[in-house]
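One letter stands for each residue in the lines below.
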Amino acid sequence: MSATILSMEAVSLSFKDKRVLNNLTFAIPRGEAFGFLGPSGAGKTTTIKLLTRQLKRDAGRISLFGRPIDNATSADYERIGILSDTSALYERMSIADNLRLYAQLRGASQRRIPYLLERMGLADDQKTLIKNCSKGMRQRTALAAALIHEPELLFLDEPTSGLDPAARAEVHRMLAELSGKGCTIFLTTHDMAEAETVCDRVAILDHGAIAACDKPEALMLRYARNRIVVKTRTRGTVETSKDAAGAAALAELLEAGEVLSVHSDEPNLEEVFLELTGREF
Amino acid sequence: MNASVRKLGALMGKDVTDMLKNPTMIVCIVMPVAFVLLYRYIMGNVGGSMGMMGGADMGADADMETVEGLITYVLLNTALCMTIGMTSSAMLVYGLAEEKEKHTLRTLMLANVSAEQIMLARGLVTLVVTAVVEALCFFVSGAPMHLFAPYMAIGVLGALPIILLSLVLGLASRDQMTAGLYSVPILLVVIAPMLSGFSPMLGDIARFLPTGGAASLLRLATEGALFGSEAVLPLAVTAAWIVLGLVVFKLLYRKLATDN
Ligand SMILES: Nc1ncnc2c1ncn2[C@@H]1O[C@H](COP(=O)(O)OP(=O)(O)OP(=O)(O)O)[C@@H](O)[C@H]1O
Ligand SMILES: [Mg+2]
């Protein structure tokens, strides 16, 4: 296994009396796309804030590039790109001017700007002032700004929120490419399909604690209910299991001429999520 | 070092671009100049009639000189107070508050820009713009050219404590509404020397306010007595406010910049 880029060990955090993160432990190797899932208020953004030094933990250890986070230098932070849930751009400046600003701040080549504008589908709108941009355009610009210096480690807090399906798919392609080039990605999302597509591994956070952490396929195998759903003529929707008893029940329905349709309830991450958190999101 | 210079340049460029595209900021820049113009017009009329009245029973020459000296002082003092109040303070507080409210400040810091760099860029841009507006006010006032250098030196010195305090106030504002609220007391303090002609008591207090030192120095300059012993107290007052501004800034800015 390659070197650990980012890790938390028994990290806890409270706001006043409220425990928000409880004993979090995980380690992310270089090049991994790690998904952090959980219902609203589970503590995803708070975790990113701890990892990016916007908040101080109460207890535990956090390491960044293999060293304690408290020793991280400005040079370390030049290797990181962050898209936070409140990332904001200058309203009275254009999309391209905002990217130029961040390129200059990061010491990145201005030549990256046309490439990113193109990939984000913003090339035609690059002269539009941010105040005249839609939510999705702003989000894509903010994402481009976070990527401008080709970071080795990316923190993305709900990067595709507000994006249409085409833009979302393009962002997924870009993240896959970055990941392929060795960029480590820490991503939060409410979109289980996104987590399945983009992430090598996901952690499901519930009430500030990690309920499960594994490859998406492994989680689906472990937690998915193995069911067959049968729509019948007079008995409504019938659920059976994928085993001998289920097969017998299905045979009986078939003989009675009741069956309208049979669906195999394929395991998906959404189901795992609901199973683990017991909540809609 | 190289990287901090690069970042400082980027930040200052952004601050200037944003300022020129923001109507509120333009008002803060234009207002002092317009005010001095207006004052000059009013004072010109008043001064003219005063000169004529004085001319009836005294040596007209000497008296005209005193009246003109007084008018020059009032105009230049108005120029400094208004510029420092509007450009060094209100514009700065408002601009920083907007960065806090819209989360662009936090976004900059997440891009590995330090609070020091952001503050330094804002402070420098504000200082330069203050100097430019002060210079414009001077030319509009019609004051004699030999006063330009001392006036500018006094203006820049007088703006320093206000810029430092305004940086802190701007960071302390949660949004532009709060910024408007915080700007009022500081504006009153800054323009107090302008109003001190109305009451001797106010004048006595105003001498010790942040721009009071600058106002006294300006008066000495128009009287040609800037390099006398009388300049020591106002210089000390100004220096004390600069030091106080530095201390307050140093103590608070980092905490305020990272506050939610
Ligand atoms: N500054 C704060 N003071 C007090 N409580 C806070 C603060 N910030 C966050 N919290 C609390 O911490 C909990 C976790 O919040 P967080 O923003 O991390 O959730 P999240 O998982 O990112 O949710 P979402 O999916 O809606 O973005 C919430 O209960 C929230 O109320
Ligand atoms: Mg969040």
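Worth saying up front: this structure is predicted, and the values here are computed from it rather than measured.

We now examine the overall build of chain A. The number of helices and strands found in chain A is 10 helices and 13 strands. Taken over the C-alpha atoms alone, chain A extends approximately 75 × 50 × 40 Å along its principal axes. Counting all 281 residues of chain A, 51% fall into the buried class. Taking contacts inside chain A between residues at least 6 apart in sequence as the whole, the part at least 24 apart equals 66%. Counting only carbon and sulfur atoms, one obtains 50% of the accessible surface of chain A, whose full area is about 12,800 Å². In chain A, 36 positive and 38 negative side-chain charges are present, and the distance between their average locations comes to 7 Å.

Here we take up the sheet that holds strand E3 (residues 33–37) of chain A. All names here are of chain A. Taken in spatial order, the six strands make up an open sheet running E6-E7-E8-E3-E9-E10, and their pairing is mixed. Of all strands in the sheet, those bounded by a partner on one side alone are strand E6 (80–83) and strand E10 (209–214). Between one strand axis and the next, the sheet turns through 15° on average, direction left out of account. As judged from the five bridges shared by strand E9 (residues 201–206) and E10, these two strands associate in the antiparallel manner. From the neighbouring strand, Ala203 faces E10, where its bridge partner is Cys213.

Now for the pairing of strand E2 (residues 18–29) of chain A. All names here are of chain A. Looking at chain direction, strand E1 (residues 4–15) and E2 are connected through eight bridges and run antiparallel. In the strand pairing of E2, Ser7 is matched with Ala27. Counting the residues in the hairpin turn of E1 and E2 gives two residues, including Lys16, whose phi is positive at 50°.

What follows concerns the interface of chain A and chain B. Contacts between chain A and chain B engage 22 residues on the former and 23 residues on the latter. Approximately 2,200 Å² of surface area, both sides summed, lies buried where chain A meets chain B, with 55% of it carried by carbon and sulfur atoms. When the buried area of chain A at its contact with chain B is split by residue, Tyr90(A), Arg92(A) and Leu105(A) rank highest and sum to 35% of it. Counting every contact that joins chain A to chain B gives three salt bridges. Taken together, the connections running from chain A to chain B amount to 12 residue pairs in polar contact (both at pLDDT 80 or more). Take the side of chain A that touches chain B: its biggest share by element is five residues, from helix H3 (residues 95–106) of chain A.

Further remarks concern the domain arrangement of chain A. Partitioning chain A into structural domains gives domain 1 (4–215) and domain 2 (225–265). For domain 1 of chain A and domain 2 of chain A, the distance between their C-alpha centres works out to 44 Å.

It is worth spelling out the sheet that holds E2(A) at this point. Read from one edge of the open sheet, four strands run E2-E1-E4-E5 (chain A), paired in antiparallel fashion. Two strands in the sheet have a free side with no partner beyond their single neighbour: E2 and strand E5 (67–68) of chain A.

This part takes up the confidence of the model for chain B. All names here are of chain B. This prediction gives chain B a mean pLDDT of 89; 91% of its residues lie at or above 70. Confidence drops under a pLDDT of 50 for residues 51–60, and excluding neighbours within four residues, the segment shows four contacts in the predicted structure. What the predictor reports for the complex is a pTM of 0.87 with an ipTM of 0.87.

Right, let's get into helix H5 (residues 115–141) of chain B. Residue and element names in this part refer to chain B. Spanning 27 residues, H5 covers 38 Å between terminal C-alpha atoms, matching the ideal 39 Å at 1.5 Å per step. Of all 27 residues in H5, 19 are buried; the element is thus mostly enclosed. Immediately beyond the C-terminal end of H5, within one or two residues, lies Gly142, with a positive phi of roughly 75°.

Time to look at unusual backbone geometry. For Arg53(A), which is not a glycine, the phi torsion comes out positive at approximately 65°. With relative accessibility at 40%, the residue Arg53(A) sits in the partly exposed group. With a phi angle near 70°, His103(B) is a residue other than glycine that sits in the positive phi range. Mapped onto the elements of the fold, His103(B) is located in the loop between helix H3 (60–101) and helix H4 (104–110).

Our next topic: the environment of Glu68(B). All names here are of chain B. Relative to the helices and strands, Glu68 resides in helix H3. Classification of Glu68 by relative accessible area gives partly exposed; the value is 46%. Distance in space between the C-alpha atoms of Glu68 and Thr222 is 9.9 Å, their sequence separation being 154 residues.

Turning next to the layout of surface pockets. All names here are of chain B. Size it by volume and the largest pocket reaches roughly 800 Å³. Forming the boundary of the largest pocket are 36 residues, of which Tyr73, Pro193, Ser196, Gly197 and Arg219 lie nearest the centre. Looking at the lining of the largest pocket, the elements that each hand over two or more residues are helix H2 (23–57), H3, helix H7 (176–195), helix H8 (200–206), helix H9 (212–222) and helix H10 (232–258). Per-element accounting of the lining of the largest pocket gives the leading share, seven residues, to H3.

Time to look at empty space enclosed by the protein. In the structure shown here, the tally under the stated rule is four cavities of 30 Å³ or more. The calculated volume of the largest cavity comes to roughly 130 Å³. Every element with two or more residues in the lining of the largest cavity is listed here: E6, H3 and helix H5 (135–147) of chain A together with H4 of chain B. Of the residues belonging to the lining of the largest cavity, the class tally is nine nonpolar, four polar and one charged. In this structure, the second largest cavity occupies an estimated 100 Å³ of space. Along its surface, the second largest cavity is lined by Asp15(B), Asp18(B), Met19(B), Met25(B), Met91(B), Leu92(B), Arg122(B), Val125(B) and Thr126(B).

Residues and elements named next belong to chain A. Near ligand 1, the surroundings consist of 13 residues, among which Lys18, Lys44, Thr45, Thr46 and His190 are the closest. For ligand 1, whose unbound accessible area comes to 640 Å², protein coverage reaches 64%. Those elements that provide at least two residues to the shell around ligand 1 are E2 and helix H1 (44–51). Among the elements that make up the shell around ligand 1, the one with the highest residue count is H1 (three residues). Taken together, the residues of the shell around ligand 1 break down into four nonpolar, six polar and three charged.

About the criteria used
Residues numbered from 1 in each chain as written. Chains lettered and ligands numbered in written order. Predicted model: local features only at pLDDT ≥ 70, side-chain atom pairs only at ≥ 80, totals over all residues. Heavy atoms only, no water. Helix = DSSP H or I, 4+ residues; strand = E, 2+ residues; numbered from the N terminus. Buried < 20%, exposed > 50% of the residue type's maximum accessible area, 1.4 Å probe, protein only. Contact = heavy atoms within 4.5 Å. Areas by Shrake-Rupley, 256 points an atom, 1.4 Å probe, with all protein chains shown as cover. Lys, Arg positive; Asp, Glu negative; His and termini not counted. Charge placed at Lys NZ, Arg CZ, Asp CG, Glu CD. Pairing = 2+ DSSP bridges. Axes fitted to C-alpha atoms, helices over the stretch in contact; angles between N-to-C directions. Buried area = accessible area lost by both parts, 1.4 Å probe. Salt bridge = Lys/Arg side-chain N within 4 Å of Asp/Glu carboxyl O. Polar contact = N/O pair within 3.5 Å; in protein donor to acceptor, adjacent residues only side chain to side chain. Domains from an automatic or database assignment. pLDDT = per-residue confidence, 0-100. Expected span 1.5 Å × (residues − 1). 1 Å grid on protein atoms, 1.4 Å probe; cavity = no way out; pocket = protein on both sides within 12 Å on 5 of 7 lines; lining within 4 Å. Points joined across faces, edges and corners; volume = space filled by probe spheres on them. Nonpolar A, V, L, I, M, F, W, Y, C, P; charged D, E, K, R; others polar. Near = heavy atom within 4 Å.

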